[in-house]
Amino acid sequence: MNTPRFAHVPVLLAEVLEGLRVQADGSYLDGTFGRGGHAREVLARLGPEGRLLLMDRDPEAIADARREFEGDARVRIRHANFAEMGEWQEAAAGLDGVLLDLGVSSPQLDDATRGFSFQADGPLDMRMDPTRGVSAADWLANADEREIADVLWRHGEERMSRRIARAIVERVREQPLRTTRELAELVARTIGHRERHKHPATRTFQALRIHVNDEAGSLQRGLEAARDCLKPGGRLAVISFHSLEDRVVKQFIRGEVARAPRRGLPLPEVAAPALVAVGKPYFAAEAELAVNPRARSAVLRIAQKVGGDHAAGAHR
Ligand SMILES: C[S@@+](CC[C@H](N)C(=O)[O-])C[C@H]1O[C@@H](n2cnc3c(N)ncnc32)[C@H](O)[C@@H]1O
């Protein structure tokens, strides 16, 4: 068998499969196909009546999905943001399970030409879908200092956000930032090595990636779309890789609106919750961490759409 040039080891696989409670004749959607680590195992549990809908915004991931699954009558494949799953007739018709395994895949990180990694030199791009939107280099070339600082703070919790933003703007005025190495070195020179075991540009790269791909907006819209597409009793499984993302998922499942009540105004009507959390959040066990260090920051949350025959609590 050929070893793929860029492989991806699925995170919390057993927990995802258990959480989704895959039924042989059910309809499932994997909104983040990646290299199919989760999708392949869901498909293995489906009978001829089952359906698996696959999405990814990365054309390379979708090309891989087509190569492997195109001939399988149970599988449908779409190159799109999972935020748009509701526009897909087969998803809107009702799903028994939705998986969102957020962030970037190992193939995206390992391929220097995609521009995600500060460890390898490549063009400063960072788009999961390079066919649309604006690359990190182009955004930095046109953004002002305040905008850059705001992104670094909001999406990277970077305490030195203002200092880094000033250095970027000064540098870009002289000469464009074109490569990942140029940016990584600029950040390292500007703030020095403050955190042990962490490259100084880690937070900057995370923040720019989240901004360039509108990951926060996609997540919010994707969660709403998943909630709407799920049948009563259907399951949602979301894996996050940093605390900002996990907080959004947790609040969404609880039906919390991130808004403080304002004095003098009537309290907003509280809608009946659409989802109920199933069990506690899952983290990778030592055995998984030993073979897949990427799982270290992963958090899996499972929720069930209210209604239907199954009681959420009965699962665990
Ligand atoms: C962590 S990987 C998924 C890995 C996959 N579960 C596997 O086991 O191979 C995340 C994937 O989701 C895709 N992705 C991230 N955000 C997305 C979005 N909003 N819509 C569609 N795909 C997205 C990325 O392009 C990437 O391929």
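Just so we're clear, the structure is a prediction, and the values are computed from it rather than from any experiment. (Residues numbered from 1 in each chain as written. Predicted model: local features only at pLDDT ≥ 70, side-chain atom pairs only at ≥ 80, totals over all residues. Heavy atoms only, no water.)

Some points on the site of the ligand
Next up, step 1: Not every one of the 24 residues close to the ligand is listed here, only the nearest: His38, Asp56, Phe82, Asp101 and Gln108.
Next up, step 2: Backbone polar atom of Gly31 to a nitrogen atom of the ligand: 3.4 Å apart, as the coordinates give it.
Next up, step 3: Separating an oxygen atom of the ligand from a side-chain N or O atom of Gln108 is a distance of 2.8 Å.
Next up, step 4: With the chains in place, 99% of the 610 Å² that the ligand exposes on its own is no longer accessible.
Next up, step 5: Classifying every residue of the shell around the ligand gives 7 nonpolar, 12 polar and 5 charged. (Near = heavy atom within 4 Å. Polar contact = N/O pair within 3.5 Å; in protein donor to acceptor, adjacent residues only side chain to side chain. Areas by Shrake-Rupley, 256 points an atom, 1.4 Å probe, with all protein chains shown as cover. Nonpolar A, V, L, I, M, F, W, Y, C, P; charged D, E, K, R; others polar.)

A few points about the sheet that holds strand S4 (residues 95-101)
Next up, step 1: Judged by pairing direction, the sheet is mixed, and its 7 strands sit side by side in the order S3-S2-S1-S4-S5-S7-S6 without closing on themselves. Looking at strand neighbours, the two that pair on one side only are strand S3 (75-79) and strand S6 (275-282), the edges of this open sheet. Direction aside, the axes of adjacent strands within the sheet are offset by 15 degrees on average.
Next up, step 2: Examined bridge by bridge, S6 and strand S7 (residues 299-305) share 5 bridges and lie antiparallel to one another. Bridge pairing in S7 places Ala277 opposite Ala303.
Next up, step 3: The sheet contacts of helix H1 (residues 13-20) involve strand S1 (27-30), S4, strand S5 (230-240), S6 and S7, and relative to S5 the element is tilted by about 165 degrees.
Next up, step 4: Sitting on the sheet, helix H12 (residues 243-254) is in contact with S5, S6 and S7, with an inclination near 20 degrees to S7. (Pairing = 2+ DSSP bridges. Helix = DSSP H or I, 4+ residues; strand = E, 2+ residues; numbered from the N terminus. Axes fitted to C-alpha atoms, helices over the stretch in contact; angles between N-to-C directions. Contact = heavy atoms within 4.5 Å.)

With respect to the environment of Ile62
Next up, step 1: Note on placement: Ile62 falls in helix H3 (residues 59-69).
Next up, step 2: Here Ile62 falls in the buried class, since its relative accessible area comes to 4%.
Next up, step 3: Spatially, the C-alpha atoms of Ile62 and Ile210 are 21 Å apart, while their sequence positions differ by 148 residues.
Next up, step 4: Ignoring any residue separated from it by four or fewer positions in sequence, one finds Ile62 in contact with Met55, Asp56, Ile77, Arg78 and His79. (Buried < 20%, exposed > 50% of the residue type's maximum accessible area, 1.4 Å probe, protein only.)

Considerations on the side chain of Arg74
Next up, step 1: Looking at where Arg74 falls in the secondary structure, it is placed in the loop between H3 and S3.
Next up, step 2: Take Arg74: its relative accessible area is 18%, and that puts it in the buried class.
Next up, step 3: Separated by 3.4 Å, the side chain of Arg74 and the backbone oxygen of Leu43 make a polar contact.
Next up, step 4: Within the local environment of Arg74, its side chain forms a polar contact with the side chain of Asp72, the two groups lying 2.7 Å apart.
Next up, step 5: Filtering out sequence-adjacent residues up to four positions away, Arg74 remains in contact with Leu43, Leu46, Gly47, Pro48, Gly50, Arg51 and Leu52.

Comments concerning the nonpolar core
Next up, step 1: Core analysis: the biggest nonpolar cluster contains 32 residues, and Leu52, Leu54 and Leu300 have the highest contact counts within it.
Next up, step 2: Of all elements in the fold, only H1, helix H2 (37-44), strand S2 (51-56), H3, S3, S5, S6 and S7 reach the threshold of two or more residues within this core.
Next up, step 3: It is H3 that provides the largest number of residues to this core, a total of 4 residues.
Next up, step 4: The contacts of Leu300, once residues within four sequence positions are left out, are Leu12, Glu15, Val16, Ala237, Val238, Ile239, Pro281 and Tyr282.
Next up, step 5: Formed by 31 residues, the second largest nonpolar core is a distinct cluster that contains Met126, Ile148, Ala184 and Phe205. (Core = buried A, V, L, I, M, F, W, Y, C linked by side-chain atoms within 4.5 Å.)

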